[in-house]
Amino acid sequence: FLCNMINFDKPEKVNQRLFKFYPIKDYHIAAFQQHMLFFSHPSKLNDCFDTSSRLIEPYKEFKRRINWSNDMAKVMDNHGICSFIEAADVKSERMWTFYADSFNGFAIEFESELLKSSDYAPIQLRAVKYLNEPLNLDDSHRIYHISDEDTRLDDLAVDAKYSDRIFQCIHLVKNKQMWQEENEWRMIVGNQRGRAKPHSGGGGYLLTINPSCYKTLFIGFKVDDTIKLQLRDIANTYGIRSYVITPEIVDNKWDMSISPFK
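Being a predicted model, the structure only gives us computed values, none of them experimental.

**What about the environment of Ala-121?**
Link 1 in the chain: One can find Ala-121 in the loop between helix H6 (112-115) and strand E6 (125-127).
Link 2 in the chain: Distance in space between the C-alpha atoms of Ala-121 and Val-189 is 9.8 Å, their sequence separation being 68 residues.

**So, empty space enclosed by the protein**
Link 1 in the chain: As enumerated under the stated definition, the model contains 1 cavity of 30 Å³ or more in all.
Link 2 in the chain: Every residue along the wall of the largest cavity is listed here: Tyr-22, His-28, Ala-31, Phe-32, Met-36, Leu-37, Phe-38, Ile-108 and Tyr-214.
Link 3 in the chain: Every element with two or more residues in the lining of the largest cavity is listed here: helix H1 (26-33) and strand E3 (36-40).
Link 4 in the chain: Class assignment of the residues belonging to the lining of the largest cavity gives a composition of 8 nonpolar, 1 polar and no charged.

**Concerning helix H10 (residues 225-237)**
Link 1 in the chain: Taking 1.5 Å per residue as the helical rise, H10 with its 13 residues ought to reach 18 Å, and the 19 Å between its terminal C-alpha atoms agrees with that figure.
Link 2 in the chain: Within H10, the full set of buried residues consists of Lys-228, Leu-231, Arg-232, Ile-234 and Ala-235. Along H10, the residues classed as buried sweep out an arc of 160° about the axis, all on the same side. Facing away from the buried surface of H10 by more than 90 degrees, the exposed residues are Thr-226 and Thr-237.
Link 3 in the chain: Two to three positions downstream of the cap, the backbone nitrogen of Thr-226 sits 2.9 Å from a side-chain oxygen, assigning the N-cap of H10 to Asp-224.
Link 4 in the chain: Following H10 by one or two positions, Gly-239 has its phi on the positive side, about 70°.

**Some details on the pattern of salt bridges**
Link 1 in the chain: A complete count under the given rule lists 16 salt bridges for this structure.
Link 2 in the chain: A salt bridge links Glu-61 to Arg-64; its shortest N-O distance comes to 2.4 Å. Here Glu-61 and its partner Arg-64 are both found in helix H3 (residues 60-66), 3 residues apart, which amounts to about one turn of the helix.
Link 3 in the chain: Judged by relative accessible area, which is 31%, Glu-61 ranks as partly exposed.
Link 4 in the chain: The residue Lys-215 makes a salt bridge to Glu-109 at a minimum N-O spacing of 3.6 Å. With Lys-215 in strand E14 (residues 214-220) and Glu-109 in strand E5 (residues 105-110), this residue pair connects regions lying 106 residues apart in the sequence.
Link 5 in the chain: Residue classification places Glu-109 among the buried residues on the basis of a relative accessible area of 3%.

**What to know about the packing of aromatic side chains**
Link 1 in the chain: Counted by the stated rule, this structure contains 15 aromatic pairs.
Link 2 in the chain: Taking 6.5 Å as the distance between ring centres and 80° as the angle between the ring planes, the aromatic pair formed by Phe-98 and Tyr-99 counts as edge-to-face.
Link 3 in the chain: Judged by relative accessible area, which is 52%, Phe-98 ranks as exposed.
Link 4 in the chain: Positioned over the ring face of Tyr-22 is Lys-20, at 5.5 Å from the centre of the ring.
Link 5 in the chain: Across the ring face of Trp-179, the terminal group of Lys-174 is positioned such that the distance to the ring centre comes to 4.7 Å.

**Re the layout of surface pockets**
Link 1 in the chain: The calculated volume of the largest pocket comes to roughly 570 Å³.
Link 2 in the chain: Of all elements in the fold, only strand E2 (17-23), H1, E3, strand E4 (80-87), helix H5 (93-98) and strand E11 (184-189) reach the threshold of two or more residues within the lining of the largest pocket.
Link 3 in the chain: By residue number, the principal contributor to the lining of the largest pocket is E4, which donates 5 residues.
Link 4 in the chain: Per-class residue counts for the lining of the largest pocket are 15 nonpolar, 4 polar and 10 charged.

**Details of the pairing of strand E16 (residues 253-260)**
Link 1 in the chain: Both strand E15 (residues 241-250) and E16 contribute to a ladder of 8 bridges, which runs antiparallel. Across the sheet, the residue bridging to Ile-245 is Ile-258, located in E16.
Link 2 in the chain: Hairpin connection between E15 and E16: a loop of 2 residues separates the two successive antiparallel strands, and Asp-251 in this loop has a positive phi of roughly 50°.

**Overview of the nonpolar core**
Link 1 in the chain: Ranked by size, the top nonpolar core spans 34 residues in total, and within it Phe-32, Leu-37, Phe-84, Phe-110, Leu-115 and Met-187 carry the most contacts.
Link 2 in the chain: Apart from residues lying up to four places away in sequence, Met-187 is in contact with Leu-37, Phe-39, Gly-80, Ile-81, Cys-82, Phe-84, Leu-115, Tyr-120, Ile-123, Gln-124, Leu-125 and Leu-207.

**Some remarks on the environment of Gln-124**
Link 1 in the chain: Among the secondary structure elements, Gln-124 is positioned in the loop between H6 and E6.
Link 2 in the chain: Taking the C-alpha atoms as reference points, Gln-124 and Val-189, 65 residues apart in sequence, are found 8.8 Å from one another.
Link 3 in the chain: Within the local environment of Gln-124, its side chain forms a polar contact with the side chain of Arg-126, the two groups lying 3.1 Å apart.

Basis of the calculations
- Numbering of residues begins from 1 in every chain and follows the order in which that chain's sequence is written.
- Only residues with pLDDT of at least 70 are given local features in this predicted model, and only at 80 or more are side-chain atom pairs given and counted; all residues enter the totals for whole chains, interfaces and linings.
- For the side-chain quantities, the full set of heavy atoms in the structure was used; hydrogens and water were omitted.
- By definition, any uninterrupted DSSP run of H or I lasting at least four residues is a helix, any uninterrupted run of E lasting at least two residues is a strand, and each is numbered from the N terminus.
- A pocket, in this scheme, is an open set of points on a 1 Å grid over the protein atoms alone with protein on both sides within 12 Å along at least 5 of 7 lines, while a cavity is a set where a 1.4 Å probe fits but cannot get out; residues line either one if an atom lies within 4 Å of a point.
- Grid points are joined across faces, edges and corners, and a volume is the space filled by probe spheres set on the points.
- In this count, Pro and Cys sit with the nonpolar residues alongside Ala, Val, Leu, Ile, Met, Phe, Trp and Tyr, while Asp, Glu, Lys and Arg are called charged and the others, Gly among them, polar.
- A helix is expected to span 1.5 Å multiplied by its residue count minus one.
- Accessibility here uses a 1.4 Å probe with only protein chains present; expressed as a share of the type maximum, an area under 20% marks a residue as buried, one over 50% as exposed, and anything in between as partly exposed.
- Arc definition: directions from the helix axis to the C-beta atoms.
- Definition of a polar contact: a pair of N or O atoms within 3.5 Å, with one able to donate and the other able to accept a hydrogen when the atoms are protein atoms, and with sequence-neighbouring residues admitted only if both atoms are side-chain atoms.
- Counted as salt bridges are all cases of a side-chain nitrogen of Lys or Arg within 4 Å of a carboxyl oxygen of Asp or Glu.
- Any two rings among Phe, Tyr and Trp, with Trp reduced to its six-membered ring, count as a pair given centres within 6.5 Å; such a pair is stacked if its planes are under 30 degrees apart, edge-to-face if over 60, and tilted if neither.
- We call a charge positioned above a ring when the Lys NZ or Arg CZ atom is no farther than 6 Å from the ring centre and deviates by at most 35 degrees from the ring normal.
- Paired strands, as defined in this entry, are two strands with at least two bridges between them according to DSSP.
- By convention a nonpolar core is built from buried Ala, Val, Leu, Ile, Met, Phe, Trp, Tyr and Cys residues, the set being connected through side-chain atoms within 4.5 Å.
- Any pair of residues with heavy atoms lying within 4.5 Å of one another is described as a contacting pair.

As far as function goes, none of this settles anything; it's purely spatial.
Right, here's the structure in full:
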């Protein structure tokens, strides 16, 4: 019985440090300046399994129970996802290459406990669940721990109070073999959007956060000097330090230098 339980609601702690990596985009810089987080629609992310149709279409019984439709698919694809990485430090070549435009971007370290504040409910910071296979949505015997209750998929399919939550849980499941090393955490905007507002440029949502959530700024060495200064000046308004990250070989190892940027 316990082997069939997946807990999406247990208390979770970021044991290392929490980072978010950004390419140089005007809306990312503007969001940083206005102490906001940008949440992208699932279909805009780099994992093709973050979209609803690929996750739900194969499960005919589940679709029947919830009266799945194209309109429901559009609603789910209108959610928003903001991703973070838990790591010992910011020196991840994978993250700088894939998510910060090969060092032509920046990274911010966040105070994870402040991001978990109830001020942002129902948009909670949650760890991604890395599984060897997708959630079998036709398995009515599988148990999910949601909102302090043990819940079966049958309950989720008929009880409206869980409908938003189950789709958010689906957004928290990723292919273990492909993505586990990213050690990702997510905040998710579902149908209940709390304080999140649609981004004027489309493609997602913006959520205003406490400026104290920002801890440190790291700038890739390829970033234009003018933008480096702009990012540093924003960081200074929050009273946080800025550093420039440069890939280097140190003691015959692939490494990076972290230099203060004043």
